[in-house]
Amino acid sequence: MTTYKICLLPGDGIGPEIIAEGVKVLDAVGKKYGMDFEYSEALLGGCAIDECGTALPDETLEAAKASDAVLLAAVGGPKWDTTDPDKPRPEQGLLGIRKGLGLYTNLRPVQIFTSLADASTLKPEVIDGVDMMIVRELTGGLYFGERERFYDEEGAGVDGKSGQRAYDTLEYREYEIDRIARQAFEAARKRRGKVHSVDKANVLETSRMWREIVHRIHDEEYADVELEDILVDNCAMQLINRPADFDVVITENMFGDILSDEAAQISGSLGMLASASLGDGVALYEPSHGSAPDIAGKGIANPLAQILSVQMMLQHSFNMLDAANDIQRAITAVLDKGYRTGDIADASTPSDKIVGCSKMGDLVVENL
Ligand code: IPM
Ligand code: MG
């Protein structure tokens, strides 16, 4: 029997609740396909700060590197919120593990489950046919550039004005854009063959370089793929104006963060959006949403994005395409039968059957 080692990072807030449902589904898949998933668990985020004083303990990165794939739930919460640059933040754990594992490609599929069409704030005819893949650069740009904060006296005098001063740096190297562009073109070839490359080339130097490199790779190696540049502000607008026109959307790190939350809303809830973070080694799978501290511990969180991230793991790390399809079909079936967690329920649809987090996981397993 094949055994895969999965490193679980439950994190904070609703993390432990939703990851349990991901594990439930993995175990069921393992049973059906004769695979064995072996789990280790490690600390990341706020819980790691409480226990070890740092959001990404060395042992966690080691455990992740020693596994075949990492399943992460969510990190963060008001307990650890701070604007003090010297205090640890849970998000540093997330950014640290992305960097530490070299996960430069972040895939965020946006799809519509037909029975959830009502959950979107957009009109049904607008979201009809939406099926896009956001390819977000994940280890460069503003997130990882040099940054600094200067307090009153140090900051004073720069322009004759007193007060604090701070900066963040947006920097990209050619190889970083080169490799993410290839990922996007490869993804497009397996899909509808169209790439929108997002930038702000009318203002930013990094964007002008981004555009040049993306076009060079396209012209030399991927001329069969349709490529269109789109400015990030216009993209934000077109995503809700004509979302079905997008196939693959490639963006730098920060733009991708913002646009993927927007795109999630097209599908009705951020609770439905999964993600895969890939590099040259171990990959990491996580929902695109956060730790939802306001509903943590209540058993009402939506585990579907976590379960969909398990699906992406089966697909990308283990090439178990049948199992991945099973999960897709099972989720569709459960939703078609009217089962909803609170976030995707529609008050005007009396046939909706509201269930909690664990029950939703059970239903997916029953329908596998
Ligand atoms: C995401 C999240 C993270 C990000 C935060 C929690 C650091 O918003 O995965 O989209 O900005 O990348
Ligand atoms: Mg985000």
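Please read these numbers as outputs of a predicted model, since none were measured by experiment.

Participant: Help me out: how do you make sense of the overall build of the chain in this one?
Facilitator: For the chain, the count of helices and strands is 13 helices and 14 strands. Over its C-alpha atoms the chain spans a radius of gyration of 21 Å, differing by no more than 12% from the 21 Å that the globule rule assigns to 368 residues. When its C-alpha atoms are laid out on the principal axes, the chain stretches across 65 × 50 × 45 Å. Relative to its 368 residues, the chain shows a buried fraction of 51%. When contacts within the chain are restricted to residue pairs at least 6 apart in sequence, long-range pairs at least 24 apart make up 76% of them. Here the chain has roughly 16100 Å² of accessible surface; of this, 49% comes from carbon and sulfur atoms.

Participant: Honestly, helix H4 (residues 90–100) in this entry has me stumped. Any pointers?
Facilitator: The periodicity of an α-helix, 3.6 residues per turn, causes residues three or four places apart in sequence to face the same way. Those residues of H4 that sit buried are Pro90, Gly93, Leu94, Leu95, Ile97 and Arg98. Backbone geometry just after H4 places Gly102 at a positive phi near 65°.

Participant: When you look at the site of ligand 1 in this model, what are you seeing that I'm missing?
Facilitator: Taken together, Glu91, Leu94, Arg98, Arg108, Arg136, Tyr143 and Asp257 make up the full set of residues adjacent to ligand 1. Contact between ligand 1 and Arg136: an oxygen atom at 2.9 Å from a side-chain N or O atom of the residue. Contact between ligand 1 and Asp257: an oxygen atom at 2.9 Å from a side-chain N or O atom of the residue. A total of 320 Å² of accessible area belongs to ligand 1 in isolation, and the protein chains cover 78% of it. The element contributing the most residues to the shell around ligand 1 is H4, with three residues.

Participant: Just to check I follow, could you spell out the packing of aromatic side chains for this structure?
Facilitator: For any pair of aromatic rings, geometry is given as the distance between the ring centres together with the angle between the planes. Within the structure shown, the criterion is met by six aromatic pairs. With a centroid separation of 6.0 Å and 65° between ring planes, the pair formed by Tyr172 and Trp210 is classed as edge-to-face. Here Tyr172 is found in the loop between strand S7 (165–168) and helix H7 (174–189), whereas its partner Trp210 is found in helix H8 (residues 205–221), with 38 residues between them in sequence. Tyr172 gets classed as buried once you look at its relative accessible area, which sits at 7%. Of the aromatic side chains, those joined through ring pairs into one cluster are Tyr4, Phe37 and Phe318. We note Arg165 situated over the ring of Phe150; from NZ or CZ to the ring centre the distance is 4.2 Å. When the ring centre of Tyr339 is taken as origin, the NZ or CZ atom of Lys353, which lies over that ring, is 5.1 Å away.

Participant: Looking at this model, I keep getting lost on the sheet that holds strand S9 (residues 226–231). Mind explaining?
Facilitator: Note: strands within a sheet are paired through backbone hydrogen bonds, in either parallel or antiparallel orientation. What the 10 strands build is an open sheet, ordered S2-S1-S3-S12-S11-S4-S5-S10-S8-S9; its pairing is mixed. Across the chains shown, the open sheet's two edge strands, defined by having one partner strand only, are strand S2 (35–41) and S9. Here the average twist between neighbouring strands, direction ignored, is 25°. Bridge count for strand S1 (residues 2–11) against S2 is seven bridges, and the pairing is parallel. From the neighbouring strand, Thr2 faces S2, where its bridge partner is Met35. Packing of H4 onto the sheet brings it into contact with S1, strand S3 (69–74), strand S4 (105–111), strand S5 (131–137) and strand S12 (283–287), and relative to S12 it is tilted by some 150°.

Participant: Help me understand the nonpolar core, please; the structure alone is not making it clear to me.
Facilitator: Note on soluble globular proteins: their nonpolar side chains tend to be buried together. Grouped together as the largest cluster of nonpolar side chains are 68 residues, with contacts concentrated most on Ile6 and Leu314. Once residues within four sequence positions are removed from consideration, Leu314 is found in contact with Leu26, Val29, Phe37, Asn319, Met320, Ala323, Ala324 and Ile327. The next biggest cluster of nonpolar side chains, apart from the first, holds 20 residues, and it includes Leu122, Val198, Val232 and Leu259.

Participant: Just to check I follow, could you spell out the side chain of Thr341 for this structure?
Facilitator: By the element assignment, Thr341 lies in the loop between strand S13 (339–340) and strand S14 (353–354). Judged by its relative accessible area of 0%, Thr341 is buried. The residues touching Thr341, leaving out its near neighbours within four places in the chain, are Ile300, Ala301, Asn302, Pro303, Val355, Gly356 and Met360.

Rules used in this analysis
- Residues numbered from 1 in each chain as written.
- Chains lettered and ligands numbered in written order.
- Predicted model: local features only at pLDDT ≥ 70, side-chain atom pairs only at ≥ 80, totals over all residues.
- Heavy atoms only, no water.
- Helix = DSSP H or I, 4+ residues; strand = E, 2+ residues; numbered from the N terminus.
- Rg over C-alpha atoms; globule rule 2.2 N^0.38 Å.
- Buried < 20%, exposed > 50% of the residue type's maximum accessible area, 1.4 Å probe, protein only.
- Contact = heavy atoms within 4.5 Å.
- Areas by Shrake-Rupley, 256 points an atom, 1.4 Å probe, with all protein chains shown as cover.
- Near = heavy atom within 4 Å.
- Polar contact = N/O pair within 3.5 Å; in protein donor to acceptor, adjacent residues only side chain to side chain.
- Phe/Tyr/Trp six-rings, centres within 6.5 Å; stacked < 30°, edge-to-face > 60°.
- Lys NZ or Arg CZ within 6 Å of the ring centre and 35° of its normal.
- Pairing = 2+ DSSP bridges.
- Axes fitted to C-alpha atoms, helices over the stretch in contact; angles between N-to-C directions.
- Core = buried A, V, L, I, M, F, W, Y, C linked by side-chain atoms within 4.5 Å.

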